[in-house]
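Understanding the architecture of this molecule
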Amino acid sequence: MGTPHHVIHTGARPIGLFEFMDAIRATCKPRFPYARGINHRRVALAVSGGVDSMALAFLCSQIRKRDPDFKISDNAVSGFRGLVIDHGLRQGSEAEGLAVCKALDDMGIAAEVHKLSWSKVLGNYSHPKDLPNFESVARTLRYRKLGSACANRNIVSLLLAHHEDDQYETVLMRLLQGHGSRGLRGIKKAHDIPECNGLFGADGSGYVDDQLRPHPFYKMTPTRRERKHIRQRLRSDVSRLMAEAELNDSATELNDVELEDIYQLKQVTSFEPNALDVEDGGVMVYRPLLEFSKDRLIATCLENNVPWWEDSTNKDPTLTMRNALRHMYRGYSLPKALQKPSILALSTRCERRVQAQEAEANRLLSRTIIHDFEPVAGTATVQFPIFKLRPERRNFRSSLRRQARLLKKREIAAILLRKVLALVSPESQPPLLTTLENHVARFFPSLALPEEAATVHPPKAFSISGVFLVPIVSNSRSTSALGKITNEQQKQQLSWYLSRAPYPSNLPVPRVRTPYWAVERNRKKKWKLSPRMPWALWDGRYWIHVEHRLPYRLIVQPFLPEHAKPFRELLSPDDQSRLTALLKRYAPGKVRFTLPAIYIEEYLDLNKVVPRPNYPNPLYLNGNGETSLHPKVLDNSKMKLIALPTLDVQVPRLDRSMWYEIRYRRVDRNTLRTAGTFHRGSFVAPRALKTRGLSRGMKMDRGRRSLPWPRRKGRGK
């Protein structure tokens, strides 16, 4: 155990337990404020063996002794689990990891070691340190290993031991790299786990499965007292409505109404798909030690006889930029503006500025109307508010001040656009604000720069961040006496239809394959059920998993135009009418060709399931003389479309051989709550249609449950 001499001085004092508990409460705020976290839940600790992570582990072990019901995020803590990552970059790292686990076990914290595998990222390099982006690659592997470990153990809270000195180094590095105010905020105290895109249970998912448990961690059902109060309110409302109906003699009006319209005696074909679950949850990263310096962490370990291990690679200034920066500010005297107090004060000012911008963008969002948000097709119809600049005051008559004021408003509008685009965008990372500012004038003509006047009128469709935006121009717009649209009418805000952008022809389409296929028959001469396919994120928008007993592999890819007619011919007449109505309602035009579809890799008669000769052949000899688990390259012309899972349409008798479940990926609930909504379906309270709608063979639009998301089981479950 070694302790750097330059950080030990009489001013450092150990971190008190109550001080640490207050930091935990301020950092680990509830993610679902309306949930009742009755069940206890484990919390993970990322422990490297250094003084910072060992101090964190010791303080967490004391929390359980002091308060067994202490809450972190939404649930009380049932225990802590230490996760030790072995990078395997130096000799003795494995033995050191085991020693760290032994020290954690002495504190009462169970721990496990996870070793990183570098084989898939080395390429032509012989050692990981030779990689030009070694630090970023190590970070990705480390976070994916932590996310996988948390997801496997159903852990959603991960504590990291970043401290005040790490914050100083991060902000200083970003300052040298030329970051703006958002980057100069430094390390966030709480955020989603990074680098885990597509990892189910870690990447914004797992909430729906939790709600299907007999005893979920996030309990959303009302208590007994609340249910009693709801029943009393319902009885009171029903009694009042019945009394009003009797006074108005409304019962006599039923003589002119056909009983078939009321009781729906005839069978009516459903033209609505099943409600699609929207995922939520995932692993959150918390850093409760950002307000404490490394001096105090060392003092905490010394005071309580907590061992720690020094990593020699952290002292090599040639290995990473952070090491070089640490060597610079510890070995040399920097200007006052680059010293720790000044840099941390800069980080605080940037954080306050960003919070003010977010608050102003939310006020603008509250005036935005989301007419339709359809997870079934991944589309939304949005009407942005009219952005009017206030009259200029005396001190804003300067052209430079007006320009600065306009640029500030454009940045606020760009933040609003990013919030709205996130509902539909398939991208894992949000677009840069500087990119969105180039399109602000399309939505807010009053914020257009002089050189952007030509792009504002007339409005045109365009794509950004994987989203295709189409202006909805009304044909009944009022005109002046000369038949021309006035300037004032041109400033009226349009509604925009947001959908997934069409797939480019020069790039492969997003595709997910079942990893296994049925290769044997059971005693009844039927194909055995394939192993359960893990949840896969398709196109960055839909979580899907499939189980089947077909002798071929299944592929999830976009609905292709050449398969539309053959698929329609396989359906029954009722399903054909239903498919036509669903596509017209939810996926008009080319939007339907962005829907997920399930294919069989080769044509197969479901009435007589017999594969082609010599199939299956898992060890297929390809042209290079090597064996492969894929018998051949997929050919779209030979594939057979069998289901459109989001629309709940599939070929007959498929439910005997295949089961699937599909969910929409997580969206920001605060965006939907803040924005005004006018919707025919999702996220609104139920409302009835007029009875004449039923007589036309249309299904009553009952709406769908508002947040939190509803439960839904897959087809055939």
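Residues numbered from 1 in each chain as written. Predicted model: local features only at pLDDT ≥ 70, side-chain atom pairs only at ≥ 80, totals over all residues. Heavy atoms only, no water.

Helix and strand counts for the protein stand at 21 helices and 23 strands. Here the protein holds 717 residues, and 46% of them are scored as buried. Taking all contacts inside the protein whose residues are at least 6 apart in sequence as the whole, residues at least 24 apart take part in 77%. With an accessible surface of roughly 38,600 Å², the protein has 51% of that area assigned to carbon and sulfur atoms. (Helix = DSSP H or I, 4+ residues; strand = E, 2+ residues; numbered from the N terminus. Buried < 20%, exposed > 50% of the residue type's maximum accessible area, 1.4 Å probe, protein only. Contact = heavy atoms within 4.5 Å. Areas by Shrake-Rupley, 256 points an atom, 1.4 Å probe, with all protein chains shown as cover.)

Attention shifts here to a positive patch on the surface. Taken together, the side chains of Lys 219, Arg 224, Arg 225, Arg 227, Lys 228, Arg 231 and Arg 235 present a region of like positive charge at the surface. Exposure remark for Arg 224: the relative accessible area of 70% places this residue in the exposed category. (Patch = residues over 30% accessible without salt bridge, like charges linked within 9 Å, V, L, I, M, F, W, Y side chains within 5 Å. Salt bridge = Lys/Arg side-chain N within 4 Å of Asp/Glu carboxyl O. Lys, Arg positive; Asp, Glu negative; His and termini not counted. Charge placed at Lys NZ, Arg CZ, Asp CG, Glu CD.)

Attention shifts here to the pairing of strand E3 (residues 75–86). Among the 12 residues of E3, 11 are classified as buried, and the element is accordingly described as predominantly covered. Alignment of strand E1 (residues 41–47) against E3, held across seven bridges, turns out to be parallel. Paired with Arg 41 across the two strands is Val 77, which belongs to E3. Bridge count for strand E2 (residues 71–72) against E3 is two bridges, and the pairing is antiparallel. (Pairing = 2+ DSSP bridges.)

What follows deals with the sheet that holds strand E16 (residues 554–558). Strand order across the open sheet formed by five strands is E13-E16-E17-E20-E21, with antiparallel pairing between neighbours. The outermost strands of the open sheet, each flanked by one partner alone, are strand E13 (512–513) and strand E21 (649–650). Two strands pair when backbone bridges link them, and strand E17 (residues 596–600) and strand E20 (residues 640–644) are joined in this way by three bridges, in the antiparallel orientation. From the neighbouring strand, Ile 598 faces E20, where its bridge partner is Ala 643.

On to the packing of helix H1 (residues 17–27) against helix H2 (residues 51–66), then. Relative to each other, H1 and H2 sit at 95 degrees, their axes nearing to 10 Å. The orientation of H1 relative to H2 falls into the category roughly perpendicular. Listed contacts from H2 to Leu 17, Phe 18, Phe 20, Met 21 and Ile 24 of H1 are Leu 56, Leu 59, Cys 60, Gln 62, Ile 63 and Arg 66. (Axes fitted to C-alpha atoms, helices over the stretch in contact; angles between N-to-C directions. Parallel < 35°, antiparallel > 145°, perpendicular 65-115°, else oblique.)

This part covers the nonpolar core. Phe 444 and Ile 598 are the most contacted members of the largest nonpolar core, which totals 86 residues. For this core, the leading source of residues is helix H13 (residues 399–421), giving nine residues. Residues Met 21, Cys 28, Ala 57 and Trp 308 belong to the second largest nonpolar core, which totals 40 residues. (Core = buried A, V, L, I, M, F, W, Y, C linked by side-chain atoms within 4.5 Å.)

The subject of this paragraph is the confidence of the model for the protein. Segments scoring low in pLDDT should not have their predicted coordinates read at a detailed level. Residue-level pLDDT values for the protein average 82, and 82% of them are 70 or greater. Contacts of residues 1–6 to residues separated by more than four positions or lying in other chains number 10 contacts, the stretch itself having pLDDT below 50. Note on residues 618–623: pLDDT under 50 across the span, and 12 contacts to partners over four residues away in sequence or across chains. (pLDDT = per-residue confidence, 0-100.)

Moving on to the sheet that holds strand E22 (residues 658–664). On the basis of which strands lie adjacent, the open sheet formed by three strands has the order E14-E15-E22 and antiparallel pairing. Each of the sheet's edge strands pairs with one partner strand only, and the pair in question is strand E14 (536–538) and E22. Taking each pair of neighbouring strands and ignoring which way they run, the sheet shows an average axis angle of 35 degrees. Strand direction decides the pairing type here: E14 and strand E15 (residues 542–548), joined by three bridges, are antiparallel. Residue pairing in the sheet places Leu 537 in a bridge with Trp 543 of E15.

Okay, the side chain of Arg 669 next. By the secondary structure assignment, Arg 669 is in helix H20 (residues 669–674). Residue Arg 669 is classed as buried on the basis of its relative accessible area, which comes to 14%. At a separation of 3.1 Å, a polar atom in the side chain of Arg 669 contacts the main-chain carbonyl oxygen of Arg 31. (Polar contact = N/O pair within 3.5 Å; in protein donor to acceptor, adjacent residues only side chain to side chain.)

This part takes up the packing of aromatic side chains. Using the criterion set out here, one finds 16 aromatic pairs in the structure. Geometrically, the ring pair formed by Phe 200 and Trp 543 is edge-to-face, given 5.2 Å between the ring centres and 75 degrees between the ring planes. Taken together, the residues span a long stretch of sequence, with Phe 200 in the loop between strand E6 (190–192) and helix H7 (207–211) and Trp 543 in strand E15 at a distance of 343 residues. Look at Trp 543 and you get buried, because its relative accessible area is 1%. Each ring, one from Phe 443 and one from Phe 462, has its centre 5.9 Å from the other, and the planes form 65 degrees; the classification is edge-to-face. (Phe/Tyr/Trp six-rings, centres within 6.5 Å; stacked < 30°, edge-to-face > 60°.)

Before going further, it helps to examine unusual backbone geometry. Of note in the backbone geometry, Ser 73 takes a positive phi value of approximately 65 degrees without being a glycine. Looking at the element boundaries, Ser 73 is found in the loop between E2 and E3. A positive phi angle is found at Asn 305, which is not glycine, with a value near 55 degrees. Mapped onto the elements, Asn 305 comes out in the loop between helix H10 (294–303) and helix H11 (321–331). Judged by relative accessible area, which is 68%, Asn 305 ranks as exposed.

Attention now goes to the environment of Val 667. Here Val 667 is to be found in the loop between E22 and H20. By relative accessible area, Val 667 is classed as buried at 4%.

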